[in-house]
Amino acid sequence: VKPAPFGYLAPATREHALAALRRYGSDAKVLAGGQSLVPMLAMRLARPAVLIDLNPIGDLAYVKPARGGLAIGAMTRQASAERDPLVAARLPLLAEALGWIGHPQIRARGTVGGSLAHGDPAAELPAVAVALDARLTLASTRGERTVHARDFYTGYLTTALETDEILAEVRFPPQPPGAGWAFAEVARRHGDFALVGVAVLVQADADQQVADARIVFTGVSHGPLRIAAAEQALTGRRPIRAAAAEIRRLVEASVEPDADIHASSRYRRHVAGVLAERAMLTAASRMRVPS
Amino acid sequence: MEIGHVETPSPLNALGVKGAGEAGTIPVPAVFASALDDALGTRITEMPLSHSRLLEMILDLEAAGRGGHTGRAADAGGGGA
């Protein structure tokens, strides 16, 4: 299958890209790593009049320290972020989740910003961005604005991006000191889209109780799904293991996944409960009491 | 899995040969289904047996209190590939 004809622009600078997007608006699609967009073009699920290719713009790819956390340029390849020592040191949850994206070949081309902006309902990075309270920098010729990851995903493959905006950068606050983390996923084959995935973050207080928890799913809703009831049930618990069955039950009661050709709704709900329990126990084992 | 052989040479040609490939594949789903029936107490009568269908059969058995000898067999549902 071949794409419908399209125009192709390869602006050399961010300013040129934004000007082109301003001009073509919803007639244009922005090309990052192309790991979702190119297959969609080939299957003619997307038929933009113009592609605006961000790949020539080298200064959109970087990982740099920012206020104890990290600022990651949208065009940073997933493989680069996965191997970046700063990511490993400051955002181990992100580092762990990156390894679940597709295969090494996909991560070599796929970008952090591309995955976040595409917003596939089974993608790993949107759930991680919500769990870590990331802020997304959206740029247009009108200027920049910042949107919390939790406010960015508005519906199925739909985000807060306006037609003249690109996702330029994602800023992660540092993981809370001593917080335990885990990303867990079930797919039919490793590298397939997640049937269900979950990002968990648990933070202890000095008494080894859970002071704060984040449980964010992918694959069970139109976008990343935080399970506040399970987070609250975990808060104040010690030892965490004692909460496992309750967390599993709360998660199963909170998700209403769609069925598709890959798995039934009931299967996804059951796996969500099992994964929440597993990820929570892994995160707890990595938790350190603040000194 | 153990594989046994039963030889029934064809009377229709000098070598006694038959078509291979397809004949060997036909009983395989039934063999798997029988093994699962034996292990879980299910009664599988339909293919394909997707991971979703198998898990739901196990959950239904557990809900009906008939899956006792499987323990928490449904926990294996997260095994993926």
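Keep in mind it's a predicted model, so treat the numbers as computed, not measured.

Definitions and limits used
- Residues numbered from 1 in each chain as written.
- Chains lettered and ligands numbered in written order.
- Predicted model: local features only at pLDDT ≥ 70, side-chain atom pairs only at ≥ 80, totals over all residues.
- Heavy atoms only, no water.
- Helix = DSSP H or I, 4+ residues; strand = E, 2+ residues; numbered from the N terminus.
- Buried < 20%, exposed > 50% of the residue type's maximum accessible area, 1.4 Å probe, protein only.
- Contact = heavy atoms within 4.5 Å.
- Areas by Shrake-Rupley, 256 points an atom, 1.4 Å probe, with all protein chains shown as cover.
- Rg over C-alpha atoms; globule rule 2.2 N^0.38 Å.
- pLDDT = per-residue confidence, 0-100.
- Phe/Tyr/Trp six-rings, centres within 6.5 Å; stacked < 30°, edge-to-face > 60°.
- Axes fitted to C-alpha atoms, helices over the stretch in contact; angles between N-to-C directions.
- Parallel < 35°, antiparallel > 145°, perpendicular 65-115°, else oblique.
- Nonpolar A, V, L, I, M, F, W, Y, C, P; charged D, E, K, R; others polar.
- Salt bridge = Lys/Arg side-chain N within 4 Å of Asp/Glu carboxyl O.
- Pairing = 2+ DSSP bridges.
- Left-handed = near helix turned anticlockwise from the far one by under 90°.
- Polar contact = N/O pair within 3.5 Å; in protein donor to acceptor, adjacent residues only side chain to side chain.

Student: Give me the lowdown on the overall build of chain B, citing residues and values where you can.
Tutor: Helix and strand counts for chain B come out as 3 helices and 0 strands. Buried positions account for 23% of the 81 residues belonging to chain B. Counted over contacts in chain B with a minimum sequence separation of 6, partners at least 24 positions apart contribute 21%. Summed over all atoms, the accessible surface of chain B reaches about 5,900 Å², with 60% contributed by carbon and sulfur.

Student: Could you give an account of the overall build of chain A, naming the residues involved and the relevant values?
Tutor: The secondary structure content of chain A amounts to 12 helices and 14 strands. For 291 residues, the compact-globule formula gives about 19 Å, and the C-alpha radius of gyration of chain A, at 19 Å, lands near that figure. Overall, the C-alpha framework of chain A stretches about 60 × 45 × 30 Å when taken along its three principal axes. A total of 291 residues make up chain A; the buried ones form 51% of that total. Of all intrachain contacts in chain A linking residues separated by at least 6 positions in sequence, the fraction that spans at least 24 positions is 62%.

Student: Explain unusual backbone geometry to me, and be specific about the residues and the numbers.
Tutor: Residue Pro48(B) is bonded to the preceding Met47(B) through a cis peptide linkage, with omega at 0 degrees. Although it is not a glycine, Arg67(A) adopts a positive phi angle of roughly 50 degrees. Looking at the element boundaries, Arg67(A) is found in the loop between β4 (63–66) and β5 (69–73). Among the residues examined, Arg67(A) registers a relative accessible area of 80% and is labelled exposed. Even without being a glycine, Asp133(A) presents a positive backbone phi close to 55 degrees.

Student: Can you explain the environment of Ala46(A)? Please cite residues and give values.
Tutor: Residues and elements named next belong to chain A. Within the fold, Ala46 resides in the loop between α2 (37–42) and β3 (50–53). Owing to a relative accessible area of 11%, Ala46 belongs among the buried residues under this scheme. Separated by 43 residues in the primary sequence, Ala46 and Pro3 place their C-alpha atoms 8.6 Å from one another. Setting aside anything within four residues of it in sequence, one finds Ala46 in contact with Leu37, Met40 and Leu41.

Student: How would you sum up the confidence of the model for chain B? Please name residues and give values.
Tutor: All names here are of chain B. Summarising the model, chain B shows a mean pLDDT of 80, and 80% of its residues fall at 70 or more. Within chain B, helix α1 (residues 22–25) has the poorest average pLDDT of any element, 80, and helix α2 (residues 28–40) the best, 92. In this model residues 68–81 is a low-confidence stretch, pLDDT under 50, and it forms 34 contacts with partners more than four residues away in sequence or in other chains. Scored as a complex, the prediction yields pTM 0.88 and ipTM 0.75.

Student: If you had to explain the packing of aromatic side chains to someone new, which residues and values would you point to?
Tutor: According to the stated counting rule, one finds 1 aromatic pair over all chains in the structure shown. An angle of 85 degrees between the planes, with centres 5.0 Å apart, marks the rings of Phe152(A) and Tyr153(A) as edge-to-face.

Student: Which residues make up the environment of Glu252(A), and what are the values?
Tutor: All names here are of chain A. When you line up the elements, Glu252 lands in helix α11 (residues 244–254). When its relative accessible area of 26% is taken as the criterion, Glu252 is described as partly exposed. Along the sequence, Glu252 and Leu195 sit 57 residues apart, while their C-alpha atoms lie 15 Å from each other.

Student: Just give me the short version of the packing of helix α12 (residues 265–285) of chain A against helix α3 (residues 51–63) of chain B, but keep the residues and values in it.
Tutor: One way to put it is that α12(A) packs onto α3(B) with a least axis distance of 9 Å and a crossing angle of 70 degrees. Between α12(A) and α3(B), the angle falls in the class roughly perpendicular. Packed against α12(A), whose contacting residues are Arg266(A), Tyr267(A) and His270(A), the element α3(B) presents His51(B), Ser52(B), Leu55(B), Glu56(B), Leu59(B) and Asp60(B) at the interface. Split into classes, the residues belonging to the contact of α12(A) with α3(B) amount to 3 nonpolar, 3 polar and 3 charged.

Student: I'd like a description of the pattern of salt bridges, backed by residues and values.
Tutor: Residues and elements named next belong to chain A. Overall, the coordinates contain 19 salt bridges over all chains when judged by the stated rule. A salt bridge links Arg189 to Asp192; its shortest N-O distance comes to 3.0 Å. On the accessibility criterion, Arg189 (56% relative accessible area) is exposed.

Student: So what's going on with the sheet that holds β3(A)? Which residues, and what values?
Tutor: Residue and element names in this part refer to chain A. Strands sit in the order β1-β3-β2 across an open sheet of 3 strands; the sheet is parallel. A single partner strand is all that each edge strand has here, and the edge strands are β1 (7–9) and β2 (28–31). For this sheet, the mean inter-axis angle between neighbouring strands, taken without regard to orientation, is 25 degrees. Here β2 pairs with β3 via 4 bridges, running parallel. Opposite Ala28, over in β3, you have Val50 as the bridge partner. Along the sheet, helix α1 (residues 14–24) makes contact with β1, β2 and β3, crossing β3 at roughly 165 degrees.

Student: Explain the packing of α11(A) against α12(A) residue by residue, including any values.
Tutor: Residue and element names in this part refer to chain A. The contact between α11 and α12 brings their axes to 8 Å, and the two run at 145 degrees. With respect to the hand of their crossing, α11 and α12 are arranged in right-handed fashion. Contact residues: Ala244, Ile247, Arg248, Val251 and Glu252 in α11; Arg269, His270, Ala272, Gly273, Val274, Ala276, Glu277 and Met280 in α12. Looking at the contact of α11 with α12 residue by residue, the class counts come to 7 nonpolar, 2 polar and 4 charged.

Student: Requested: an account of the side chain of Glu165(A), with residues and values cited.
Tutor: Residue and element names in this part refer to chain A. Its place among the elements puts Glu165 in the loop between β9 (158–159) and β10 (166–172). Looking at Glu165, the relative accessible area reads 5%, which means it is buried. Looking at Glu165, its side chain comes within polar contact range of the side chain of Arg145, at 2.7 Å. A distance of 2.8 Å separates a polar atom in the side chain of Glu165 from the backbone nitrogen of Glu162.

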